[in-house]
Every structure is written in C-alpha cells, then in structure tokens.
Amino acid sequence: MTIAYPTVSPLKCGYLSPPASKFLADAPDGEKLTMPSMAFLIQHPASKSKIVFDLSIRKDLATHHPGLQAHLKTRIPLSSENDVKSALALGNVDTSDIDYVIITHVHWDHTGTPSDFGSATFIAGHNTGKLLRNEMGPDLYNPFFEADLLPADRTIELPPVPSSKKGEVFDKKHGWYWQSLSPISNAIDMFNDGTVYIVDSPGHIPGHLNALVRVAVDRWIYLAADACHHMRIFKGETDFGSWKDEQCRTITIHKDIPAAYRTLEVMRQLKRDGLNGVPVEVVLAHDGEWEREKADYFFPNHL
Ligand SMILES: [Zn+2]
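Residues numbered from 1 in each chain as written. Predicted model: local features only at pLDDT ≥ 70, side-chain atom pairs only at ≥ 80, totals over all residues. Heavy atoms only, no water.

You'll find the protein entered in an unreviewed UniProt entry as Metallo-beta-lactamase domain-containing protein, with Cladophialophora chaetospira given as the organism. Of the comments in the UniProt record for the protein, the one headed Sequence similarities (unreviewed entry) reads "Belongs to the metallo-beta-lactamase superfamily." (UniProt positions renumbered as here; feature names shortened; annotations may be inferred.)

Right, dumping it as structure tokens:
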C-alpha cells in the first residue's frame, strides 16, 4: 500500500521591517530587516483535512488596537495586501474549507483575521487564553492583545506538558496525547498516523507551537514559526539580539531565554541528524531568503 503523504504549501502573505537588532546580536543600530511573515497550508489527504499553520499579518490593520497601529508605523516597509485568505484563493480554496488553524503564538504578525475561518477549529498552545486576557503577570503583559481573538467555542487550548502525564489522552475526539519523538520532547500526532505533528516549542512566548510534517518517505518539513527568526542564528553565526529592561535585566525577543536555546538546539539536531534518519528541512516564519528561493513552491504548488 502506498501512503498518500501530506503536502505543505507556503502561502504568499504580508511582510514587515523591524529593527535588525531586535533579532541579531551583531546587527548595526538603525538597520532594518524586511521579512515575510509566512503561513502554510498543510493538506492531509487520508482525512481530507486542510490545516492552516499561522495566519500571518491581518489585512485590515485598522481593526488593531490604536496603540498597535502606532507601533506598526515603526515596522515599515510593511504590507498586509496579501493575507492567508487571498493566498488560499490563488488555489481556489476558500477560508470556509479550512478544518484547523494552528496559531503558533499570539503576536500580531501571526494571528491575521481569525474571523475569516468560520468553520475551523483553532489549536493554540497552553496558557494562550490567559496570555490574551493579560493574566500572566507583568513580564508577559501586552496592551495590544485581544482577549476575544480566538472563538471560544472552536478553540482547543493544549494542556501543559508535564512528562508525568505523557501518554494520557486529553482530547478523546481526536485521540490526542503528548508523546516524545526524539529529539523532540513533546508532540501530538494530529491524525494518529505519524504524518502531522504539533510540536511544543517553548521559549518565544508561552504556548509557542511548531509543526512537523512528513511530505515523503524520505522527507520531513519542520515549520519553526518564531522559535528562531533568522538563519544566521540557526547556523550559529550570531546570537539572539538582546537589550536591557528598566531593571537592568537582559531581554531578548524570546521571553524564556534558556527554553529558547533548548528549542533551537532540538531544531539544529533535526537538521543535522534528521528524524530516525529521515532528512528534516527547517523553515523559519520570517526567512526572506528561503521565501525567495522557494518562490515556485508557493500555493497552489507545494514543497
Ligand atoms: Zn513573528
């Protein structure tokens, strides 16, 4: 029997231009990085499911908090002309055809327009609800979070990942449970067939998720979202950019710095050794060079 492997299609969405020093330790002051915020369509033929991984930048920026709109002026060149909805339309897929939306984390450049996806089940990491309601304490407070961003009746917030509960099914409908997939500590086999995994990837902000998709007998794609913002960091050429807060603590774009280094190391290991010997391609959400190289593989095509 031949297995119909899932496909992964990058989606042509928006871009933004933050200060490079926010990401790269060796970036000169004043330099900006213009980067895409990529989303992906994962199609799982065996279940006929369509999954969108991240929602990129919202088309109608005017619906954001006024404070965020002011912040976005510091991120130009910025474009929201293309979004997940328009990218899907290029292949005649309507947002109502989407079964699942995986929100890797709730920063504005990844959360798009959830209301476009009227029949999808949203999947978000542990504590996403508390984060959006600003109940996670002062260090994680963000005045621009929208408490009602995700539809309460169609959102599955994943449970925490204590190793003691490994193997215990937390979602009976899907048969989901946390399992390890060396070198990954915690992952969920979405269709219980070893082809699409939701991966716990801590460090950036609480509940940050990645995905691992088997697209061929000899190929995995690892969607890393914001676990790493630049290939130069991934390759070890430079470190996370850092600065000091008012209390003189070292801050990076990653809220839990040790966890971010551990997640990065897992991703490097996957790239170096593969998963059980099968090669893994690691794709970062903001990798402009990768986006240009892979232009021909964007939806309606696939990787
Ligand atoms: Zn981002």
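Draft legend 1. Representation of the coordination of the zinc ion within the structure. Listed as protein donors to the zinc ion are D109 (OD), H110 (NE2), D226 (OD) and H286 (NE2); their distances from the metal cover 2.1 to 2.3 Å. Each of the four donor atoms around the zinc ion contributes to a set of angles spanning 87 to 162°, which defines the coordination as irregular. Along the chain, the residues that donate to the zinc ion are spaced as D-H-x115-D-x59-H. For the pair shown, D109 and H110 are each scored as buried. (Donors = N, O, S within 2.8 Å, 3.2 Å for Na, K, Ca; no water. Tetrahedral: all angles 85-135°; square planar, octahedral: opposite > 155°, others 65-115°. Buried < 20%, exposed > 50% of the residue type's maximum accessible area, 1.4 Å probe, protein only.)

Draft legend 2. Representation of the nonpolar core within the structure. Counting residues in each nonpolar core, the largest one holds 37 residues, and the members touching the most others are I184, L212, Y222, M267, V280 and V282. Among the elements of the structure, α1 (66–72), β10 (184–189), β11 (196–200), β13 (219–225), α5 (231–234), α6 (257–273) and β16 (280–284) are those that each provide at least two residues to this core. Counting residues in each nonpolar core, the second largest holds 29 residues, with I156, M190, V283 and L303 among its members. (Core = buried A, V, L, I, M, F, W, Y, C linked by side-chain atoms within 4.5 Å. Helix = DSSP H or I, 4+ residues; strand = E, 2+ residues; numbered from the N terminus.)

Draft legend 3. Here's a closer look at the packing of aromatic side chains. Applying the stated criterion across every chain, the model contains eight aromatic pairs. Both rings, one in Y100 and one in F191, keep their centres 6.4 Å apart while their planes meet at 75°; by these two values the pair is edge-to-face. Of this pair, Y100 sits in strand β6 (residues 100–103) while F191 sits in the loop between β10 and β11, and the two are 91 residues apart along the sequence. Residue classification places Y100 among the buried positions, given a relative accessible area of 11%. Centre to centre, the rings of Y197 and W220 are 6.1 Å apart; their planes meet at 50°, and the pair counts as tilted. A residue pair is termed long-range when its members are at least 10 positions apart, and Y197 in strand β11 and W220 in strand β13 qualify at 23 residues. For the pair Y197 and W220, a shared accessibility class is recorded, and that class is buried. In textbook terms, an aromatic cluster arises when at least three aromatic residues are bridged by ring pairs, as seen for F40, F53, W290 and F298. Above the plane of the ring of F298 lies K12, whose end atom (NZ or CZ) is 5.8 Å from the centre. The ring of Y297 carries the charged tip of K294 above its face, separated from the ring centre by 5.7 Å. (Phe/Tyr/Trp six-rings, centres within 6.5 Å; stacked < 30°, edge-to-face > 60°. Lys NZ or Arg CZ within 6 Å of the ring centre and 35° of its normal.)

Draft legend 4. Structural context of the pairing of strand β1 (residues 7–11). Where burial is concerned, most of β1 is hidden: five out of the five residues are buried. What you see with β1 is no split at all: T7, S9 and L11 on one side and V8 and P10 on the other are buried throughout. Where β1 lies against strand β4 (residues 39–44), five bridges are found, and the strand directions are antiparallel. Residue pairing in the sheet places V8 in a bridge with I42 of β4. (Pairing = 2+ DSSP bridges.)

Draft legend 5. Seen up close, the sheet that holds β6. Reading across the sheet, the six strands line up as β1-β4-β5-β6-β7-β8 and stay open at both edges, with mixed pairing between neighbours. Looking at strand neighbours, the two that pair on one side only are β1 and β8 (155–157), the edges of this open sheet. Strand-to-strand twist of the sheet, defined as the mean angle between neighbouring strand axes without regard to direction, takes the value 20°. Pairing between strand β7 (residues 121–124) and β8: three bridges, direction parallel. In the sheet register, I123 faces β8, and the bridge partner there is I156. (Axes fitted to C-alpha atoms, helices over the stretch in contact; angles between N-to-C directions.)

Draft legend 6. A look at the pairing of β13. For β13, a buried count of six out of seven residues is recorded, marking the element as mostly surrounded by other parts of the structure. Here strand β12 (residues 209–216) pairs with β13 via five bridges, running antiparallel. Residue pairing in the sheet places A216 in a bridge with R219 of β13. Where β12 hands over to β13, the hairpin turn is made up of two residues, counted between the paired strands. Relative to β16, β13 runs parallel, the two sharing five bridges. Opposite W220, over in β16, you have V280 as the bridge partner.

Draft legend 7. Quick look at the pattern of salt bridges. Counted under the stated rule, the structure contains eleven salt bridges. E291 is the salt-bridge partner of K12, the closest N and O atoms lying 3.5 Å from each other. Placement of K12 in the loop between β1 and β2 (15–16) and of E291 in helix α7 (residues 288–293) is noted, with a sequence separation of 279 residues between them. The class of K12 is partly exposed, set by a relative accessible area of 39%. In this structure E291 comes out as buried when scored by relative accessible area, which is 15%. The salt bridge partner of R249 is D245, with a shortest N-O separation of 2.8 Å. Judged by its relative accessible area of 15%, D245 is buried. Taken together, the shared-partner salt bridges in this structure form one network comprising D26, R232 and E237. (Salt bridge = Lys/Arg side-chain N within 4 Å of Asp/Glu carboxyl O.)

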